[in-house]
Amino acid sequence: MQKPNPLLSRKRRERDIAKLRQKGFEVERLSEQEIRVAFHGPEDTLYAGGVWHIRVHLPAEYPYKSPSLGFLHKIYHPNIDFQSGSICLDVINQTWTPMYELFNIFAIFLPQLLIYPNPSDPLNIDAANMFRACTAKYNKFVRKQVLKHAFNGKILAQAEKQQEKLKKEQSLSRLSTGPDEAKLEPIEEEKVEGADPQEGADAALSDKSFVLSEQSQLSELSDTSGLLLEEEIFNKN
């Protein structure tokens, strides 16, 4: 490894930190060689909507020596330690070159790691085994952990808003079915000449499926909102 000039190394650190800020990343300076960066989960992925703080240590030999990174919030991923937040990423740990910048890490390397996990080289063995065994179960559990440990406040607001909307729609649906209509329901069961009985059965089944779907969505939103509110209260206490 080439021995860097301390002055040039410092200039390079400052330049890379400034570029991160220019690109819209929230960067907090912790010390001369440490920063904390707010990392948003990539859109259209299991981690969308989540925000994690990542601690970055820039060694005196930077950029000839790679920075060390660690998640400060829990994140469920085969290549990230769930407890310590350590990251298993070859481009940082093994194949780093001075050509790379901090911006490359947060704009390219980390998003790709989240999108394409490598279960054959895990730091979280449970996550790797779940990923291999049942992708659907893994996906559902990852989303649950994102909402629990790294949710953006907007997610909670959207969940509560959608829940309230579904409640109002169900209330209006019940009100629109008056007593007179309820009394007429038995008449609808009588056979009408020329009508297709199978067509009537399909329509009834469709209505029942719609109601069950609404109830399922409301239940899921209620569970998510309740989980987030409990987490928020726990953190305040």
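Nothing here was measured: the structure is a model prediction, and the numbers come from that model. (Residues numbered from 1 in each chain as written. Predicted model: local features only at pLDDT ≥ 70, side-chain atom pairs only at ≥ 80, totals over all residues. Heavy atoms only, no water.)

Engineer: Requested: an account of the pairing of strand S3 (residues 51–57), with residues and values cited.
Structural biologist: Only one face of S3 is buried, namely the one carrying Trp52, Ile54 and Val56, since none of Val51, His53, Arg55 and His57 on the opposite face is buried. When strand S2 (residues 34–40) meets S3, the two strands line up antiparallel, connected through seven bridges. Among the inter-strand pairings, Ala38 is bridged to a residue of S3, identified as His53. With four bridges joining them, S3 and strand S4 (residues 68–71) adopt antiparallel strand pairing. The residue bridging Val56 from the neighbouring strand is Leu69, located in S4. (Buried < 20%, exposed > 50% of the residue type's maximum accessible area, 1.4 Å probe, protein only. Helix = DSSP H or I, 4+ residues; strand = E, 2+ residues; numbered from the N terminus. Pairing = 2+ DSSP bridges.)

Engineer: Could you give an account of the environment of Pro63, naming the residues involved and the relevant values?
Structural biologist: Among the structural elements, Pro63 can be located in the loop between S3 and S4. Placed 35 residues apart in sequence, Pro63 and Pro98 show a C-alpha to C-alpha distance of 4.9 Å. What Pro63 contacts, discounting residues up to four positions off in sequence, is Arg12, Trp96, Thr97 and Pro98. (Contact = heavy atoms within 4.5 Å.)

Engineer: So what's going on with the packing of helix H1 (residues 6–22) against helix H3 (residues 102–115)? Which residues, and what values?
Structural biologist: The relative placement of two packed helices is expressed as an angle between their axes plus a distance between the axes. Contact geometry of H1 with H3 gives a least axis separation of 8 Å together with a crossing angle of 40°. On H3, the residues touching Asp16, Ile17, Lys19 and Leu20 of H1 are Leu102, Phe103 and Phe106. (Axes fitted to C-alpha atoms, helices over the stretch in contact; angles between N-to-C directions.)

Engineer: Summarise the packing of aromatic side chains; cite the residues concerned and give the values.
Structural biologist: For the structure on display, the rule yields 13 aromatic pairs. Ring geometry for Tyr76 versus Phe82: centroids 5.9 Å apart, planes at 75°, classification edge-to-face. By way of ring pairs, the aromatic residues Phe25, Phe39, Tyr47, Trp52, Phe71, Phe103 and Phe106 are connected into one cluster. The ring of Phe103 is capped by Lys23, whose NZ or CZ atom sits 5.4 Å from the centre of that ring. (Phe/Tyr/Trp six-rings, centres within 6.5 Å; stacked < 30°, edge-to-face > 60°. Lys NZ or Arg CZ within 6 Å of the ring centre and 35° of its normal.)

Engineer: Explain unusual backbone geometry residue by residue, including any values.
Structural biologist: Along the chain, Tyr62 connects to Pro63 via a cis peptide bond; the corresponding omega equals 10°. A positive phi angle is found at Asp44, which is not glycine, with a value near 60°. Within the secondary structure, Asp44 is located in the loop between S2 and S3. Looking at Asp44, the relative accessible area reads 80%, which means it is exposed.

Engineer: Residues and numbers for the pattern of salt bridges, please.
Structural biologist: Summed over all chains, the structure comprises nine salt bridges. The partner of Glu14 in a salt bridge is Arg29, with the nearest N and O atoms 2.7 Å apart. Here the residue Glu14 occupies a position in helix H1, and Arg29 occupies one in strand S1 (residues 26–29), the gap between them amounting to 15 residues. Exposure remark for Glu14: the relative accessible area of 30% places this residue in the partly exposed category. Through salt bridges with shared partners, one network takes in Arg12, Arg15, Asp16, Lys19 and Glu101. (Salt bridge = Lys/Arg side-chain N within 4 Å of Asp/Glu carboxyl O.)

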